[in-house]
Amino acid sequence: MTATYTFDVFSSLDGFGAAGGDWTGYWGKQGPELLEHRLALYGGEQRMVFGATTYRAFAQMLASSTVESEVRDPWVTQMRSLPATVVSTTLQGPLDWPDATVVSGDAVDVVARLKEESEAPLRSHGSLAMNRALMAAGLVDRVQVTVFPVITGKTGLGPIFEGAADFDLELLESLTLDGHIQELIYRPTLHV
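Residues numbered from 1 in each chain as written. Predicted model: local features only at pLDDT ≥ 70, side-chain atom pairs only at ≥ 80, totals over all residues. Heavy atoms only, no water.

1. Observations regarding the environment of Gly15
Phase 1: Inspection of the secondary structure assignment puts Gly15 in the loop between β1 (5-12) and β2 (16-19).
Phase 2: Separated by 145 residues in the primary sequence, Gly15 and Ile160 have C-alpha atoms spaced 5.9 Å apart. (Helix = DSSP H or I, 4+ residues; strand = E, 2+ residues; numbered from the N terminus.)

2. Regarding the sheet that holds strand β4 (residues 84-87)
In a beta sheet, neighbouring strands pair by backbone hydrogen bonds and run either parallel or antiparallel.
Phase 1: Strand order across the open sheet formed by eight strands is β5-β4-β3-β6-β1-β7-β10-β9, with mixed pairing between neighbours. Looking at strand neighbours, the two that pair on one side only are β5 (100-103) and β9 (167-177), the edges of this open sheet. Geometrically, the sheet is characterised by an average inter-axis angle of 25° between neighbouring strands, direction not taken into account.
Phase 2: Here four bridges tie β4 to β5, and the two strands are oriented parallel to one another. Counterpart to Thr85 in the pairing with β5 is Thr101. (Pairing = 2+ DSSP bridges. Axes fitted to C-alpha atoms, helices over the stretch in contact; angles between N-to-C directions.)

3. Quick notes on the environment of Asp99
Phase 1: Within the secondary structure, Asp99 sits in the loop between β4 and β5.
Phase 2: Through-space distance from the C-alpha of Asp99 to that of Leu157 is 30 Å; in sequence the pair is 58 residues apart.
Phase 3: Those residues in contact with Asp99 that lie beyond four places of it in its chain are Leu82, Pro83 and Ala84. (Contact = heavy atoms within 4.5 Å.)

4. Here we look at unusual backbone geometry
Phase 1: Residues other than glycine seldom take positive phi values, yet Ser127 does so here, at roughly 50°.
Phase 2: Turning to its location among the elements, Ser127 is positioned in the loop between β6 (122-125) and α5 (128-136).
Phase 3: If you check the backbone angles, Asp178 has positive phi at about 55° while not being a glycine.
Phase 4: Structurally, Asp178 can be placed in the loop between β9 and β10 (181-190).

5. Structural notes on the packing of aromatic side chains
Phase 1: With the rule as written, the count across this model stands at 11 aromatic pairs.
Phase 2: When the ring of Phe50 is compared with that of Phe58, the centres are 5.5 Å apart and the planes differ by 65°; the resulting orientation is edge-to-face.
Phase 3: For the ring pair Phe58 and Trp97, a centre distance of 6.3 Å and an interplane angle of 55° mean the geometry is tilted. With a gap of 39 residues between them, Phe58 in helix α2 (residues 52-64) and Trp97 in the loop between β4 and β5 connect regions that are remote in the sequence. Of the two residues, Phe58 and Trp97, neither departs from the other in class, the shared state being buried.
Phase 4: The structure contains a cluster of three or more aromatic residues connected by ring pairs, namely Phe10, Tyr26, Trp27, Tyr42, Trp75 and Phe148.
Phase 5: Sitting over the face of the ring of Trp75, Arg38 holds its NZ or CZ atom 4.5 Å from the ring centroid.
Phase 6: Across the ring face of Trp97, the terminal group of Arg80 is positioned such that the distance to the ring centre comes to 5.4 Å. (Phe/Tyr/Trp six-rings, centres within 6.5 Å; stacked < 30°, edge-to-face > 60°. Buried < 20%, exposed > 50% of the residue type's maximum accessible area, 1.4 Å probe, protein only. Lys NZ or Arg CZ within 6 Å of the ring centre and 35° of its normal.)

6. Details of the nonpolar core
Phase 1: Ranked by size, the top nonpolar core spans 27 residues in total, and within it Phe50, Tyr55, Met79, Trp97 and Phe148 carry the most contacts.
Phase 2: Residue assignment for this core shows that the elements contributing at least two residues are α1 (32-41), β3 (47-51), α2, α3 (74-81) and β4.
Phase 3: Ranked by the residues each element gives to this core, the list is headed by α2, at five residues.
Phase 4: Beyond its immediate chain neighbours, meaning those up to four positions away, Tyr55 contacts Phe50, Val86, Leu91, Leu95, Asp96 and Trp97.
Phase 5: Core analysis: the next-biggest nonpolar cluster, separate from the first, contains 24 residues, Val49, Val87, Val111 and Leu114 among them. (Core = buried A, V, L, I, M, F, W, Y, C linked by side-chain atoms within 4.5 Å.)

7. Some remarks on the pairing of strand β7 (residues 142-148)
Phase 1: With six of seven residues buried, β7 is to be regarded as a mostly interior element.
Phase 2: Where β1 lies against β7, seven bridges are found, and the strand directions are parallel. Paired with Phe10 across the strands is Thr146, a residue of β7.
Phase 3: Looking at chain direction, β7 and β10 are connected through five bridges and run antiparallel. Within the sheet, the bridge partner assigned to Val147 lies in β10 and is Gln182.

Here you go:
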């Protein structure tokens, strides 16, 4: 049996994973339902999978944050406590992350092996370039996009699907949080 792999990402309506300018985390749109839902998502047994760039960003954000900052929301703390695999050809262990392992090699090969060997579901939050490659290789079972009600046309950073292949998406679940945030979970299939 192979483990399920979920690509989990936050997005503006126009497809950016973050924004510059005066936007704050979550584009300032988070509410209690979103935060409780995220904590529940990360409460079950699972293994996180990160690319080196996302791992570095999380490690840097957490190192420079305070307990009161939104960076340390309970779901992020919970995510950090989960076992993690960091796919990288540049990083070496040990990492400043509990229960994290660096695996060198091509992400497609590493994740294919993880899917075969892992008894727990696999989840990746962010890691855009890695997850685009994994989608193209047919290794992503679920794309979970949390869409925040903003358009960041001038300040958008990290276009989520820029350079991705074409995919058909089957909607598996949808949820509205705090009356304005949409969580959409799809099964991607390469469009041929």
